[in-house]
Amino acid sequence: MLDLERLRALHSVATYGSVSAAADVLHVTTSAVSQQLAKLERETGQKLLERNGRGVRLTDAAELLVAHAERILSLVEQAQADLEAHRGSVVGQLTVAAFPTAVRGLMPAALGILRADHPDLRILVREEDPNQSMPLVSRGDFDMAVVQDWNNEPLPLPEGLCKGVICDDVADVALPAGHPLAGRDAIDLKELAGDPWISSSPDSICCDWLLRTLRAVDSEPRIEHMVYEFASQLSLVAAGFGNVILPRLGRCDVPPGVAVVPLADPLSRRVYALWREEAARRPAIRAVVGALRAAVPPGIPVFTDASA
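The numbering scheme is per chain: residues are counted from 1 as the chain's sequence reads. For a predicted model such as this one, the threshold for reporting local features is a pLDDT of at least 70, and the threshold for listing and counting side-chain atom pairs is 80 or more; totals across whole chains, interfaces and linings nevertheless cover every residue. With hydrogens and water set aside, each side-chain value is computed from the structure's full complement of heavy atoms.

Visitor: Whenever I open this one, the packing of helix H6 (residues 107–117) against helix H10 (residues 283–294) confuses me. Can you help?
Guide: Each pair of packed helices can be summarised by the angle the axes make with each other and by the distance between the axes. Comment: axis = line fitted to C-alpha atoms, over the contacting stretch for helices; angle = value between 0 and 180 degrees taken between N-to-C directions. Strands here mean DSSP runs of E at least two residues long; helices mean DSSP runs of H or I at least four residues long; both are numbered from the N terminus. It is at 8 Å that the axes of H6 and H10 come closest, and there the two elements cross at 125 degrees. Taken together, H6 and H10 sit at an angle that is classed as oblique. As H6 runs across H10, the sense of the crossing is right-handed. Contacts between H6 and H10 involve Met107, Ala110, Ile113 and Leu114 from the first element and Ala287, Val288, Ala291, Leu292 and Ala294 from the second. Each residue receives one of three labels: charged for Asp, Glu, Lys and Arg, nonpolar for Ala, Val, Leu, Ile, Met, Phe, Trp, Tyr, Cys and Pro, and polar for the others, Gly being one of them. Across the contact of H6 with H10, the residue classes break down as nine nonpolar, no polar and no charged. Small angles under 35 degrees read as roughly parallel and large ones over 145 as roughly antiparallel, with 65 to 115 read as roughly perpendicular and the rest as oblique. What makes a crossing left-handed is the near helix being turned counterclockwise from the far one by less than a right angle; a clockwise turn instead makes it right-handed. Throughout, a residue-residue contact means that at least one pair of heavy atoms, one from each residue, lies within 4.5 Å.

What follows is the structure, encoded as structure tokens:
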């Protein structure tokens, strides 16, 4: 009989392209992955990997086995979800990838709720941008992701994933206190055309969104600084080096020298939890979604839906 963990090791090598990358995802050593694959070769009587320069490539037999492994691993996950649903128990381990603002603004309170209400559930959190976290969930490397999209640019839902909306997060604009519009009650984004801007890192979903949003009102945005954390962005705003679009969820203390002004045509982002369809019946999934909604700070609209 084929061993499930050995199939998982082979599937990870096929997905990530190398033994070392598979080891990183599986949280084991490269030696452990190599041993699992060697045992799988003995079990099947087939050579599964061949040298390819400095790396390895899958043989035809391995490609055939990987196709079956993907279906087997999906069925195992579905069986686990059905058993947990039958017991009605919130137990086991859940891995969650979340974007930075959600890690700061939602996860600490949500983890506290889950620890108090479901002590037999273990949650492991990793900070990831949605561009990275959605593929991680689709491939089965993580159980859930907390992601976000903007009202002017919805996020496509990958096939095979389900979602539950957590909240709507309104964004304001943070300006240097000496900016000519800093004293306004509201600002139209077009009025800031030509201003310098501060964005998150260039590989993030927020940077891509900011570029497209500003291009809709300006010929070409002047993004002069790229900094991932909002606290660092606001320090640059306070020093007079640009403006920032600032969501309210998880907002850090606004330093002196910064004026936060609402936008006349509001921009907001919707925060979601995503999980695979095979795991939809797990009570733990519903428990995490509920805890995330309960963790939303006051003043931010929370989405409630008993089905998710």
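Visitor: I tried to follow the layout of surface pockets on my own but got confused; where do I start?
Guide: Where empty space is left becomes clear once a probe the size of a water molecule has been rolled over the atoms. Space inside the largest pocket adds up to approximately 990 Å³. Only protein atoms enter the 1 Å grid used here, on which a cavity is any set of points holding a 1.4 Å probe that cannot leave and a pocket is any open set flanked by protein within 12 Å on both sides along at least five of seven lines; residues with an atom within 4 Å of a point are listed as lining. Lining the largest pocket are 31 residues, and of these Arg8, Arg139, Gly140, Asp141 and Arg276 lie nearest its centre. Elements represented by at least two residues in the lining of the largest pocket include exactly helix H1 (4–16), helix H2 (19–26), helix H4 (60–87), strand E3 (92–98), strand E4 (121–127) and helix H7 (130–139). When the residues that make up the lining of the largest pocket are grouped by side-chain class, the tally is nine nonpolar, eleven polar and eleven charged. No fewer than three residues from each of domain 1 (4–85) and domain 2 (91–165 + 271–295) sit in the lining of the largest pocket. Of the voids in this model, the second largest pocket is the one considered here, and its volume is about 190 Å³. For the lining of the second largest pocket, the residue count by class is eight nonpolar, three polar and three charged. Grid points are joined across faces, edges and corners, and a volume is the space filled by probe spheres set on the points. The source of the domain bounds is an automatic or database domain assignment.

Visitor: Would you mind showing me how to read the pairing of strand E11 (residues 267–276) here?
Guide: For a regular strand, side-chain orientation follows a simple rule: the groups alternate between the two sheet faces. Buried means the residue's accessible area, taken with a 1.4 Å probe over protein chains only, is under 20% of the maximum for its type, while exposed means over 50%, and partly exposed covers the values in between. Burial analysis of E11 places nine of its ten residues in the buried class, which makes it a mostly covered element. Pairing geometry for strand E5 (residues 144–150) and E11, over seven bridges, is antiparallel. In the strand pairing of E11, Ala145 is matched with Leu274. Pairing between strands requires that DSSP locate at least two bridges from one strand to the other. The sheet contact formed by strand E6 (residues 161–176) and E11 spans ten bridges and is antiparallel. Across the sheet, Asp169 pairs through a bridge with Arg269, a residue of E11.

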